[in-house]
Amino acid sequence: MSERVRARRHHRSAQSSGWAVSPETCALFIPIVLAVILMPLGMGGRHPLGQLFLSAAAIAAAGAWLFHCYHKNDAGWQLSVLDLLFTAGIAIAVTQVIPLSAALIKSISPHLSTLLPCWTDGPWTLGQWSTLSLTPSETSVGIGIFVAQIILVGCIFQTIQSNQDIERILLVVAVATGLMAALGVVQYLTSNGNYLWFYEPAFNDTRSIVTGTFGCRNHYASFLAIGAGSLIWWTFKPEQTKRDSRTTSQLSSRGSGRRQHSSNTPITSGIQVEHRLAIGLVALGITTFAVLLSLSRGGTMSLAAVGLVTTGMLLKTGRITPKVAGGLLGVFLLIGSALTIHGMDRVNARLDTIWTELGAIFSDTDDANLAGRREVWQAAVETITDFPVLGTGIGSHAAVSKAYMPPTDKLIFTHAENSYLNLGVETGLVGLGLAIISLVIGLTCCAVVFFKGTSQEQIIAIALTGGLTTGTVHAAVDFIWYVPACSTLMMLLGACAVKLASSHIQALSLPRLTLDRASATIASVGAVAVLVFIGHQQLQAAKARAFFEDSIKQSRTLEKLSRQSTTLVAQQAVKTEKKNADSPAESIDERGVVTELEARINSLEKTVALQPDHVHAWTDLAFCKLEHFGLTRRIVGETVGLTEIRQTVEQTQFESTEARITWIQKVTGNGFQDLTQAMNAALRAVTVNPCAGNAWCMLASTSFLNTQDSALPQACIDQALRVRPHEGHVLFEAANQAELSG
């Protein structure tokens, strides 16, 4: 049989199946599926396992690019504006974590010495802080995620050879959006409280709202809203014309001067246009229903924005016919009926608060419950003013913001509730400007393609515009970009927009970097090696996450046992008409507390063994060690506590350091090890995160192990007040220190 006959049969077979399932197509699908479908299952990529899926997707993308180089005998890298943006972004991130001289840090971030006197030029210091990032461990994690995203998006950009490749990406995004929406609704209606019915997180559950596999409803709603544009594309995409078929095989020919050859078999799933329209409208209805039941105000507003934008673009292209309008009306009626059966009151009540909060933001009220966003936005602006160039480090907002926030009662803002401000805090005006430029480029490319492209390119542009618009709008009221599932999806859509527009905008196509196969192989192996290292760190973090969540659950058990112990003592005091702190019943109850406390200490020790830079684990470990010291002494009848021991050491003139340590060991007995370990854990915590106020307080409490100088604990308390001026535990320890100092 001749090669020509075999080729014709293969072509007919591909057309009958509706897909050209070539090796290149499979190579393109694998990283997209890993990044868009599997990564969101890991708490939207916030869980280390989700980040591990992202690294795996990047490895698969590097392999797909290498396969493309060998398969097409074209081992090159088409430079584009994406490479410039990625290079600038990674340069900012790396600059934040590399050690710099004190003079250079002072010139870039002069306010650092005011915020961290114990790490710069205060009366007592631990040393000189050497990075622009205040949380270098968190920044390193962010760099790992960003590197994986760069490799993933960059390699996929190089692998895209036709409009059909972009459509395949959009199809995966559409499938991921529909599946996540359906999963969220089904999980909510059949919830046992666990994610995917088996994973029990430490901080939230799935009973109250629809969150899918995301840790926050805003992140879930944002992911669905960004992906809604791809669902709209699949629902309304036209049948491919002959002109489109000819055009797609040379997507970048005008931009790069090279003709790109790729499989150009149309993507026809075998579903008739009317059936596809019906299925697509139902999927959009389920997605809208899921977003509404998530009770995410920002998600609802962004979904409304994508609906308005895409509807206008569809009207412009004449894709909304009376039949389509009738279908849309039917979908709205179904959504209304479903909400009437379940959730209408909650959705209305939640949406009504939009106007209340908007009014509170622009009012002068001091109620933190109403003006929370206003307060955190003002704090973010103040932080940007103090660190305007490169910010305080990726992932540092939660650590830094409390130094600028006013008292907010029980509300805790880990992020700025605004992606632009949050990015400005963490990367400065340089990083914020880069992000805005990226969005402008992406949306500009979409507009150019929509007005200059073919009918096929126009409908693709509608999908890309919808996704990018959603991310841009929602970013104004929530920090969604730190969720890898959302940010990766936006980066993929942006890359597709640049690729699609490269044949219309000559400036997007930069010189082509020619490589031989050996160079391409070396580059791919190098990228994979970096990703394997990042993946190993993420795997260790995933193991540590399990132990840390166990410690959180154990802390709740301890709180319950402590309340029971207090109740038992109170009841006994009423019966005997006196307090008897040494009663057998209380002693037995406190032994149960100690047993549970030791279990929590064990979980925390396993956490820091796997993830040595886990600041929360180190802080909790220091606290638990001090608690263990006090409880064990109470059980054996010791009446001298930590404060009395510390006071005695500071007021006594010992002959030598050895004499002081010997006396402390004699007084504390077996508890000396607890004190030493608490001090070391607190020191490690403030080394990893100098804004850990509680750790500074515990370092002050154990400072007598190192010195009798009372200036050390006072310096630690002053540092704690700088970074946590309104935190209850810090204020209590500051008052205690003031009393000790007279």
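Residues numbered from 1 in each chain as written. Predicted model: local features only at pLDDT ≥ 70, side-chain atom pairs only at ≥ 80, totals over all residues. Heavy atoms only, no water.

**Let's talk about the overall build of the protein**
Working step 1: For the protein, the count of helices and strands is 29 helices and 2 strands.
Working step 2: Within the protein, the fraction of its 742 residues that count as buried is 53%.
Working step 3: In the form shown here, the protein has an accessible surface area of approximately 32100 Å², with 62% of it arising from carbon and sulfur atoms. (Helix = DSSP H or I, 4+ residues; strand = E, 2+ residues; numbered from the N terminus. Buried < 20%, exposed > 50% of the residue type's maximum accessible area, 1.4 Å probe, protein only. Areas by Shrake-Rupley, 256 points an atom, 1.4 Å probe, with all protein chains shown as cover.)

**Here's the deal with the pattern of salt bridges**
Working step 1: All told, the structure shown has 11 salt bridges when counted by the stated rule.
Working step 2: Of the charged contacts in the structure, one is a salt bridge between Glu549 and Arg545, with a shortest N-O distance of 3.0 Å. Of this pair, Glu549 and Arg545 both sit in helix H21 (residues 517-576), separated by 4 residues, roughly a single helical turn.
Working step 3: Using a relative accessible area of 4% as the deciding quantity, one classes Glu549 as buried.
Working step 4: With a closest N to O distance of 2.9 Å, Asp613 and Arg684 form a salt bridge. Of the two residues, Asp613 is situated in the loop between helix H22 (584-610) and helix H23 (615-635) and Arg684 in helix H26 (residues 671-688); the sequence distance between them amounts to 71 residues.
Working step 5: When its relative accessible area of 31% is taken as the criterion, Arg684 is described as partly exposed. (Salt bridge = Lys/Arg side-chain N within 4 Å of Asp/Glu carboxyl O.)

**A closer look at unusual backbone geometry**
Working step 1: Positioned with a positive phi, Leu295 is a non-glycine residue whose angle comes to about 60 degrees.
Working step 2: With respect to the helices and strands, Leu295 occurs in the loop between helix H12 (273-293) and helix H13 (297-317).
Working step 3: A residue is classified by how much of its surface remains accessible, and Leu295, at 9% relative accessible area, is buried.
Working step 4: Positioned with a positive phi, Glu417 is a non-glycine residue whose angle comes to about 55 degrees.
Working step 5: Relative to the helices and strands, Glu417 resides in the loop between helix H17 (397-400) and helix H18 (419-452).

**Observations regarding the packing of aromatic side chains**
Working step 1: Considering all chains together, one arrives at 8 aromatic pairs under this definition.
Working step 2: The interplanar angle of 75 degrees and the centroid separation of 5.3 Å between the aromatic rings of Trp65 and Trp77 together place this pair among those described as edge-to-face. One end of the pair, Trp65, is in helix H3 (residues 48-71); the other, Trp77, is in strand S1 (residues 76-80), and 12 residues separate them in sequence. Each member of the pair, Trp65 as well as Trp77, is classed as buried.
Working step 3: Connected via pairs of aromatic rings, a cluster forms that spans Phe214, Tyr220 and Phe223.
Working step 4: Directly above the aromatic system of Phe157 lies the positively charged group of Lys499, at a separation of 4.5 Å from the ring centroid. (Phe/Tyr/Trp six-rings, centres within 6.5 Å; stacked < 30°, edge-to-face > 60°. Lys NZ or Arg CZ within 6 Å of the ring centre and 35° of its normal.)

**As for the packing of helix H24 (residues 642-651) against helix H29 (residues 728-741)**
How two helices pack is summed up by the angle between their axes together with the distance between the axes.
Working step 1: Look at H24 against H29: their axes get within 12 Å of each other, and the N-to-C directions meet at 40 degrees. In terms of axis orientation, H24 runs oblique to H29. Handedness of the H24/H29 crossing: right-handed. Residue-level inspection shows Thr643, Arg646 and Gln647 of H24 in contact with H29, the latter providing Asn736, Gln737 and Leu740.
Working step 2: Among the residues making up the contact of H24 with H29, the classes are represented as 1 nonpolar, 4 polar and 1 charged. (Axes fitted to C-alpha atoms, helices over the stretch in contact; angles between N-to-C directions. Parallel < 35°, antiparallel > 145°, perpendicular 65-115°, else oblique. Left-handed = near helix turned anticlockwise from the far one by under 90°. Contact = heavy atoms within 4.5 Å. Nonpolar A, V, L, I, M, F, W, Y, C, P; charged D, E, K, R; others polar.)

**Some points on the environment of Gln714**
Working step 1: By the element assignment, Gln714 lies in helix H28 (residues 711-723).
Working step 2: Residue classification places Gln714 among the partly exposed positions, given a relative accessible area of 27%.
Working step 3: A C-alpha to C-alpha distance of 8.6 Å links Gln714 and Ala738, two positions 24 residues apart in sequence.
Working step 4: Excluding residues that lie within four positions of it along the chain, Gln714 makes contacts with Gln737 and Ser741.

**With respect to helix H8 (residues 163-189)**
Working step 1: Helix length check: H8, at 27 residues, gives a terminal C-alpha distance of 39 Å against a target of 39 Å (1.5 Å per residue), a fit within 8%.
Working step 2: Counting buried positions along H8 gives 21 out of 27 residues, so the element sits mostly inside the fold. (Expected span 1.5 Å × (residues − 1).)

**Description of helix H27 (residues 693-701)**
Working step 1: Within H27, 8 of the 9 residues are buried, leaving the element largely enclosed by the surrounding structure.
Working step 2: Turning to H27, its buried residues are Gly693, Ala695, Trp696, Cys697, Met698, Leu699, Ala700 and Ser701.
Working step 3: Buried residues belonging to H27 abut H23, H24, H26, H28 and H29.

**Quick look at the side chain of Arg646**
Working step 1: Topologically, Arg646 is positioned in helix H24.
Working step 2: Filtering out sequence-adjacent residues up to four positions away, Arg646 remains in contact with Ala700, Ser701, Phe704, Pro713, Gln737 and Leu740.

**Considerations on the confidence of the model for the protein**
Working step 1: Model confidence for the protein is summarised by a mean pLDDT of 85, while 86% of its residues fall at 70 or above.
Working step 2: Ignoring residues within four places in sequence, the model shows residues 367-371, a span with pLDDT below 50, making 9 contacts including any to other chains.
Working step 3: Within the model, pLDDT remains below 50 along residues 578-582, and this stretch shows 5 contacts once partners closer than five positions in the same chain are excluded. (pLDDT = per-residue confidence, 0-100.)

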